[in-house]
Amino acid sequence: MNKEIIVRLEEVSSTQTHAKALREQGKPVVVIAKRQTGGQGTKNRSFSSKEGGLYFSKLSFYENFSAKDAFKLTQRTAVAVCKTLEDYGFAPKIKWANDVFVNEKKICGILIENTFSGAKLLSSVIGVGLNVNNALPSELSQIATTMQAERGVAFDLQEVEKRLLVYLNEEFFEEDYRVRLGWIGEQVALEFSNERVHATLLSVNGRGELVVKIGGEIKEIAAGEISLRVNER
């Protein structure tokens, strides 16, 4: 595998957009920015990206990666984030499919955009926004947190970055993802395009589909079909 080029920016609209623009060059790259003015989350949601957080997008190319295994990228990334946080003594858990929480609040968002050719995955852009020392807007204080907010001390951002990038190049197993999956056995809300239903979260299968119980029936649901809501009373 070719060594990744690191591109560091003071400010950018979105590291994800910047990395995708480099795709035609055919070289692996990691775009890292101190600040984002238009940070992207899943389903086109905005992502607060003030200085002090870790914001990057990792562009990778593949030769023999089956499209049906694409969820492994989500698993690997979420586990890498969790293992980084665990190194600092946190107890993170994954909110399916690709958010990471600490103490019931979101601390990291992950956005993965893939390109395919037939049954093959050709490339991916993996975007990560980890709240480290950055300030959060007041309206997010009840649903999001940072490493600094949890401990009351600032963290070495470069060290956090180094740890996470190393973990991203390691291989993890499905079980590494499953054991960190939060809200197992609990009631959650599933939002489809035109309805909301309550379900018991059971697990995630090998395809990355959410396994839930709805009205006594076990169902498997793909990530693109729903939004998962937790911590609702």
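As shown above, the structure is provided for reference.
Residues numbered from 1 in each chain as written. Predicted model: local features only at pLDDT ≥ 70, side-chain atom pairs only at ≥ 80, totals over all residues. Heavy atoms only, no water.

1. Things to note about the packing of aromatic side chains
- Counted by the stated rule, this structure contains five aromatic pairs.
- Taken together, a centroid distance of 6.0 Å and an interplanar angle of 45° make the contact between Phe90 and Phe155 tilted. Of the two residues, Phe90 is situated in the loop between helix 2 (71-87) and strand 4 (93-95) and Phe155 in the loop between helix 3 (147-151) and helix 4 (157-168); the sequence distance between them amounts to 65 residues.
- The buried category is assigned to Phe90, whose relative accessible area is 8%.
- Taking 5.3 Å as the distance between ring centres and 90° as the angle between the ring planes, the aromatic pair formed by Phe101 and Trp183 counts as edge-to-face. Highlighted residues: Phe101 in strand 5 (residues 99-102) and Trp183 in the loop between helix 5 (174-178) and strand 8 (187-191), separated in sequence by 82 residues.
- The class for Phe101 is buried, based on a relative accessible area of 7%.
- Classification of Trp183 as buried rests on a relative accessible area of 4%.
- It is Arg163 that lies over the ring of Tyr88; its NZ or CZ is 5.2 Å from the centre. (Phe/Tyr/Trp six-rings, centres within 6.5 Å; stacked < 30°, edge-to-face > 60°. Helix = DSSP H or I, 4+ residues; strand = E, 2+ residues; numbered from the N terminus. Buried < 20%, exposed > 50% of the residue type's maximum accessible area, 1.4 Å probe, protein only. Lys NZ or Arg CZ within 6 Å of the ring centre and 35° of its normal.)

2. Some thoughts on the sheet that holds strand 3 (residues 54-61)
- With respect to topology, seven strands assemble into an open sheet ordered 1-2-3-7-6-5-4, the strand pairing being mixed. Strand pairing shows two members of the sheet lacking a second neighbour, strand 1 (5-12) and strand 4, which therefore form its edges. For this sheet the average axis-to-axis angle between neighbouring strands, irrespective of direction, equals 20°.
- The pairing of strand 4 with strand 5 spans three bridges and is classified as antiparallel. The residue bridging Lys95 from the neighbouring strand is Asp99, located in strand 5.
- Of the strands in this sheet, strand 4, strand 5, strand 6 (105-117) and strand 7 (120-130) touch helix 2, which is tilted by about 150° from strand 6.
- Running at roughly 25° to strand 3, helix 4 makes contact with strand 1, strand 2 (29-36), strand 3 and strand 7 of the sheet. (Pairing = 2+ DSSP bridges. Axes fitted to C-alpha atoms, helices over the stretch in contact; angles between N-to-C directions. Contact = heavy atoms within 4.5 Å.)

3. Here's the deal with the nonpolar core
- With 55 residues, the main nonpolar core has Trp96, Leu130, Met147, Tyr177 and Leu190 as its most contacted residues.
- The greatest single-element share of this core, amounting to eight residues, is contributed by helix 2.
- Ignoring any residue separated from it by four or fewer positions in sequence, one finds Met147 in contact with Leu85, Tyr88, Phe90, Ile107, Leu130, Asn131, Val132, Phe155 and Val160.
- Counting residues in each nonpolar core, the second largest holds six residues, with Ala19, Leu22, Val29 and Val125 among its members. (Core = buried A, V, L, I, M, F, W, Y, C linked by side-chain atoms within 4.5 Å.)

4. A few points about the side chain of Thr200
- Within the fold, Thr200 resides in strand 9 (residues 196-204).
- Within polar-contact distance, the side chain of Thr200 engages the side chain of Gln187 at 2.7 Å.
- Setting aside chain neighbours within four positions, we find Thr200 in contact with Gly185, Glu186, Gln187, Val211, Val212 and Lys213. (Polar contact = N/O pair within 3.5 Å; in protein donor to acceptor, adjacent residues only side chain to side chain.)

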